[in-house]
Amino acid sequence: MKLDSKKLIRPSVSKAIKDGAITYFAGTERREVTSLLAEAYHKHPWTFATVDVVSRSVIGAGWKFVPHPKKEGLAKDGDLERLNDFFDYSERRWDNIKDFQSLSNKLSHTVSSYRLLGHTAWEIIYSKSGNPLGFDVLSGVTLPNVEDDGRFKKDAFTYYAWGKSTGVSYARDEIAYFYNPGATGSVFGESPYEALAHT
(Lines give C-alpha, C1' and ligand atoms only; values in the text may rest on other atoms or scores of the structure.)
Protein backbone atom coordinates (compact mmCIF):
# COMPACT_ATOMS: atom_id res chain seq x y z
CA MET A 1 0.00 0.00 0.00
CA LYS A 2 1.39 3.40 -0.98
CA LEU A 3 1.19 6.14 1.64
CA ASP A 4 -0.77 9.08 0.24
CA SER A 5 -0.44 12.42 2.01
CA LYS A 6 -3.81 13.50 0.60
CA LYS A 7 -5.48 10.99 2.90
CA LEU A 8 -4.47 13.21 5.81
CA ILE A 9 -6.90 15.95 4.80
CA ARG A 10 -9.87 14.53 6.69
CA PRO A 11 -11.95 15.57 9.68
CA SER A 12 -10.72 12.60 11.72
CA VAL A 13 -7.03 12.32 12.54
CA SER A 14 -7.59 8.76 13.76
CA LYS A 15 -8.69 7.72 10.28
CA ALA A 16 -5.71 9.55 8.74
CA ILE A 17 -3.21 7.77 10.96
CA LYS A 18 -4.95 4.42 10.65
CA ASP A 19 -4.24 4.19 6.92
CA GLY A 20 -0.53 4.59 7.55
CA ALA A 21 -0.29 2.55 10.74
CA ILE A 22 -1.88 -0.55 9.21
CA THR A 23 0.67 -0.34 6.41
CA TYR A 24 3.44 -0.06 9.00
CA PHE A 25 2.35 -3.18 10.86
CA ALA A 26 2.29 -4.99 7.52
CA GLY A 27 5.98 -4.20 7.06
CA THR A 28 6.36 -0.60 5.87
CA GLU A 29 9.50 1.08 7.20
CA ARG A 30 9.25 2.99 10.43
CA ARG A 31 10.31 6.28 8.90
CA GLU A 32 7.33 6.24 6.54
CA VAL A 33 5.01 6.06 9.54
CA THR A 34 6.80 8.91 11.27
CA SER A 35 6.48 10.95 8.08
CA LEU A 36 2.75 10.27 8.13
CA LEU A 37 2.52 11.36 11.76
CA ALA A 38 4.47 14.53 10.95
CA GLU A 39 2.05 15.35 8.15
CA ALA A 40 -0.89 14.82 10.48
CA TYR A 41 0.76 17.26 12.89
CA HIS A 42 0.95 19.93 10.18
CA LYS A 43 -2.47 19.36 8.67
CA HIS A 44 -4.73 18.48 11.59
CA PRO A 45 -5.38 21.26 14.15
CA TRP A 46 -6.18 18.89 17.02
CA THR A 47 -2.93 16.97 16.58
CA PHE A 48 -0.91 20.17 16.35
CA ALA A 49 -2.57 21.69 19.42
CA THR A 50 -2.11 18.67 21.67
CA VAL A 51 1.58 18.35 20.78
CA ASP A 52 2.21 22.09 21.00
CA VAL A 53 0.68 22.52 24.44
CA VAL A 54 3.00 19.89 25.90
CA SER A 55 6.14 21.40 24.38
CA ARG A 56 5.19 24.91 25.50
CA SER A 57 4.56 23.72 29.05
CA VAL A 58 8.13 22.42 29.27
CA ILE A 59 9.77 25.74 28.43
CA GLY A 60 7.11 28.14 29.70
CA ALA A 61 7.75 27.83 33.43
CA GLY A 62 11.53 28.08 33.21
CA TRP A 63 13.98 25.67 34.82
CA LYS A 64 17.44 25.31 36.30
CA PHE A 65 19.75 22.54 37.48
CA VAL A 66 19.74 21.89 41.22
CA PRO A 67 21.61 19.35 43.35
CA HIS A 68 19.83 16.09 44.09
CA PRO A 69 18.87 16.16 47.80
CA LYS A 70 20.53 12.78 48.42
CA LYS A 71 23.57 13.37 46.18
CA GLU A 72 24.83 16.74 47.39
CA GLY A 73 28.58 16.97 47.64
CA LEU A 74 29.28 14.34 44.96
CA ALA A 75 29.69 16.79 42.09
CA LYS A 76 33.14 18.09 41.29
CA ASP A 77 34.03 21.77 41.12
CA GLY A 78 32.89 23.19 37.80
CA ASP A 79 30.43 20.38 36.99
CA LEU A 80 27.41 22.68 37.18
CA GLU A 81 29.14 25.30 35.04
CA ARG A 82 30.03 22.69 32.41
CA LEU A 83 26.47 21.38 32.43
CA ASN A 84 25.02 24.84 31.89
CA ASP A 85 27.60 25.56 29.18
CA PHE A 86 26.61 22.35 27.38
CA PHE A 87 22.93 23.33 27.22
CA ASP A 88 23.62 26.97 26.31
CA TYR A 89 26.33 26.24 23.76
CA SER A 90 26.19 27.73 20.29
CA GLU A 91 29.06 28.80 18.06
CA ARG A 92 26.86 31.59 16.67
CA ARG A 93 28.77 31.86 13.44
CA TRP A 94 25.43 32.56 11.72
CA ASP A 95 26.44 30.38 8.75
CA ASN A 96 24.09 27.54 9.69
CA ILE A 97 20.35 27.77 10.36
CA LYS A 98 20.89 25.88 13.63
CA ASP A 99 22.86 28.89 14.93
CA PHE A 100 19.54 30.71 15.18
CA GLN A 101 18.01 28.12 17.53
CA SER A 102 17.91 29.15 21.17
CA LEU A 103 17.89 26.61 23.99
CA SER A 104 14.12 27.10 24.29
CA ASN A 105 13.76 26.27 20.58
CA LYS A 106 15.83 23.12 21.01
CA LEU A 107 13.90 21.91 24.05
CA SER A 108 10.55 22.64 22.42
CA HIS A 109 11.64 20.74 19.30
CA THR A 110 12.86 17.84 21.45
CA VAL A 111 9.61 17.52 23.39
CA SER A 112 7.41 17.94 20.30
CA SER A 113 9.23 15.18 18.45
CA TYR A 114 9.18 12.88 21.49
CA ARG A 115 5.47 13.43 22.01
CA LEU A 116 4.48 13.02 18.36
CA LEU A 117 6.86 10.32 17.14
CA GLY A 118 7.74 8.49 20.34
CA HIS A 119 11.44 9.30 19.96
CA THR A 120 13.89 12.13 19.39
CA ALA A 121 17.66 12.52 19.13
CA TRP A 122 20.43 15.04 19.71
CA GLU A 123 23.69 15.22 17.82
CA ILE A 124 26.46 15.87 20.34
CA ILE A 125 28.90 18.62 19.33
CA TYR A 126 32.51 17.89 20.30
CA SER A 127 35.59 20.07 20.50
CA LYS A 128 38.72 19.17 18.55
CA SER A 129 40.09 17.63 21.74
CA GLY A 130 37.03 15.37 22.09
CA ASN A 131 35.15 17.20 24.85
CA PRO A 132 31.35 17.56 24.51
CA LEU A 133 30.46 21.21 23.93
CA GLY A 134 26.74 21.19 23.20
CA PHE A 135 24.00 19.61 21.10
CA ASP A 136 21.75 20.13 18.09
CA VAL A 137 18.34 18.48 17.69
CA LEU A 138 18.17 16.16 14.69
CA SER A 139 15.08 17.10 12.72
CA GLY A 140 13.75 13.96 11.11
CA VAL A 141 13.89 10.28 12.00
CA THR A 142 16.76 8.66 13.91
CA LEU A 143 16.76 4.87 13.99
CA PRO A 144 18.94 2.82 16.36
CA ASN A 145 20.78 -0.13 14.81
CA VAL A 146 20.92 -2.93 17.37
CA GLU A 147 21.39 -6.68 17.55
CA ASP A 148 18.61 -8.95 18.81
CA ASP A 149 20.03 -8.70 22.33
CA GLY A 150 20.07 -4.89 22.21
CA ARG A 151 23.79 -4.35 21.62
CA PHE A 152 24.63 -1.58 19.19
CA LYS A 153 26.01 -2.40 15.77
CA LYS A 154 29.09 -0.59 14.43
CA ASP A 155 26.94 2.21 13.01
CA ALA A 156 24.78 2.66 16.10
CA PHE A 157 22.28 5.13 14.63
CA THR A 158 21.04 6.14 11.19
CA TYR A 159 19.53 9.58 10.77
CA TYR A 160 17.13 10.50 7.97
CA ALA A 161 16.31 14.16 7.43
CA TRP A 162 12.69 14.79 6.49
CA GLY A 163 12.12 13.97 2.83
CA LYS A 164 15.50 12.26 2.39
CA SER A 165 15.85 8.59 1.48
CA THR A 166 19.57 8.42 2.24
CA GLY A 167 20.58 8.16 5.88
CA VAL A 168 23.62 9.41 7.79
CA SER A 169 25.37 6.99 10.16
CA TYR A 170 26.46 7.93 13.67
CA ALA A 171 28.52 6.19 16.34
CA ARG A 172 26.83 5.60 19.67
CA ASP A 173 28.73 8.40 21.44
CA GLU A 174 27.67 10.95 18.82
CA ILE A 175 23.95 10.70 19.61
CA ALA A 176 21.78 11.21 22.68
CA TYR A 177 18.64 9.17 21.95
CA PHE A 178 15.36 9.46 23.86
CA TYR A 179 12.46 7.12 23.25
CA ASN A 180 9.24 5.89 24.77
CA PRO A 181 9.51 2.06 24.72
CA GLY A 182 5.82 1.65 25.55
CA ALA A 183 4.42 -1.79 26.37
CA THR A 184 6.26 -3.56 23.54
CA GLY A 185 9.74 -2.21 24.35
CA SER A 186 10.20 -0.95 20.79
CA VAL A 187 13.61 0.64 20.29
CA PHE A 188 11.97 3.00 17.79
CA GLY A 189 9.64 4.37 20.45
CA GLU A 190 5.87 4.26 20.61
CA SER A 191 3.72 7.28 19.93
CA PRO A 192 0.34 7.76 21.64
CA TYR A 193 -0.93 9.03 18.29
CA GLU A 194 -0.38 5.64 16.70
CA ALA A 195 -2.88 4.25 19.19
CA LEU A 196 -5.55 6.29 17.40
CA ALA A 197 -5.34 3.72 14.62
CA HIS A 198 -7.23 1.30 16.86
CA THR A 199 -10.03 3.63 17.95
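We now turn to the structure provided with this report. This one's a predicted model, so the numbers in the text were calculated from it and none came from an experiment.

### Comments concerning the overall build of the protein
A tally of regular secondary structure across the protein gives five helices and six strands. Counting helices and strands in the order they occur from the N terminus, the protein gives α-α-α-α-α-β-β-β-β-β-β. Here the protein holds 199 residues, and the buried ones make up 36% of them. Within the protein, counting contacts between residues at least 6 apart in sequence, those at least 24 apart form 51% of the total. In the structure as shown, the protein presents an accessible area of about 12,500 Å², 54% of it carried by carbon and sulfur atoms.

### Points about the pattern of salt bridges
Counted according to the given criterion, the structure contains five salt bridges. The shortest N-O distance in the salt bridge between Arg 82 and Asp 79 comes to 2.6 Å. With Arg 82 and Asp 79 both in helix α4 (residues 79-88), this residue pair falls three residues apart, about one helical turn. Judged by relative accessible area, Asp 79 falls into the partly exposed class, the value being 28%. One salt bridge in this structure joins Asp 136 and Lys 106, with 3.4 Å as the shortest N-O distance. Residue Asp 136 is located in strand β2 (residues 132-137), and its partner Lys 106 is located in helix α5 (residues 103-117); the two are separated by 30 residues in the primary sequence.

### What to know about the packing of aromatic side chains
Scanning the entire structure with this criterion turns up twelve aromatic pairs. Look at Phe 157 and Tyr 177: their rings are 5.4 Å apart centre to centre, the planes differ by 45°, and that puts the pair in the tilted class. With Phe 157 in strand β4 (residues 152-161) and Tyr 177 in strand β6 (residues 175-179), this pair connects stretches of sequence that are 20 residues apart. Of the residues examined, Phe 157 reaches a relative accessible area of 3% and is grouped as buried. For Tyr 177, a relative accessible area of 17% corresponds to the buried category. Joined through ring pairs, the aromatic side chains of Phe 65, Phe 86, Phe 87, Trp 122, Phe 135 and Phe 178 make up one cluster.

### Looking at a nonpolar patch on the surface
A surface patch of nonpolar side chains, about 400 Å² in accessible area, is lined by Trp 94, Ile 97 and Phe 100. Tracing the sequence through the fold places Ile 97 in the loop between α4 and α5. Owing to a relative accessible area of 68%, Ile 97 belongs among the exposed residues under this scheme.

### Focus: the packing of helix α3 (residues 45-60) against α5
When two helices pack together, their arrangement is given by the angle between the helix axes and the distance between those axes. The N-to-C vectors of α3 and α5 enclose an angle of 135°; their axes lie 8 Å apart at closest approach. Classified by the angle between their axes, α3 and α5 sit oblique to one another. The way α3 lies across α5 gives a crossing that is right-handed. Across the interface between the two elements, Thr 47, Val 51, Val 54, Ser 55, Val 58 and Ile 59 of α3 pack against Ser 104, Leu 107, Ser 108, Val 111, Ser 112, Arg 115 and Leu 116 of α5. Counted by class, the contact of α3 with α5 contains seven nonpolar, five polar and one charged residues.

### Let's talk about the nonpolar core
Ranked by size, the top nonpolar core spans nine residues in total: Phe 86, Phe 87, Leu 103, Leu 107, Trp 122, Ile 124, Phe 135, Val 137 and Ala 176. At the level of secondary structure, the elements contributing two or more residues to this core comprise α4, α5, β1 (119-126) and β2. When sequence neighbours within four positions are dropped, the list of residues in contact with Ala 176 reads Thr 120, Ala 121, Trp 122 and Ile 124. With eight residues, the next largest nonpolar core counts Leu 138, Tyr 159, Tyr 170 and Ile 175 among its residues.

Calculation criteria
Residues numbered from 1 in each chain as written. Predicted model: local features only at pLDDT ≥ 70, side-chain atom pairs only at ≥ 80, totals over all residues. Heavy atoms only, no water. Helix = DSSP H or I, 4+ residues; strand = E, 2+ residues; numbered from the N terminus. Buried < 20%, exposed > 50% of the residue type's maximum accessible area, 1.4 Å probe, protein only. Contact = heavy atoms within 4.5 Å. Areas by Shrake-Rupley, 256 points an atom, 1.4 Å probe, with all protein chains shown as cover. Salt bridge = Lys/Arg side-chain N within 4 Å of Asp/Glu carboxyl O. Phe/Tyr/Trp six-rings, centres within 6.5 Å; stacked < 30°, edge-to-face > 60°. Patch = residues over 30% accessible without salt bridge, like charges linked within 9 Å, V, L, I, M, F, W, Y side chains within 5 Å. Axes fitted to C-alpha atoms, helices over the stretch in contact; angles between N-to-C directions. Parallel < 35°, antiparallel > 145°, perpendicular 65-115°, else oblique. Left-handed = near helix turned anticlockwise from the far one by under 90°. Nonpolar A, V, L, I, M, F, W, Y, C, P; charged D, E, K, R; others polar. Core = buried A, V, L, I, M, F, W, Y, C linked by side-chain atoms within 4.5 Å.

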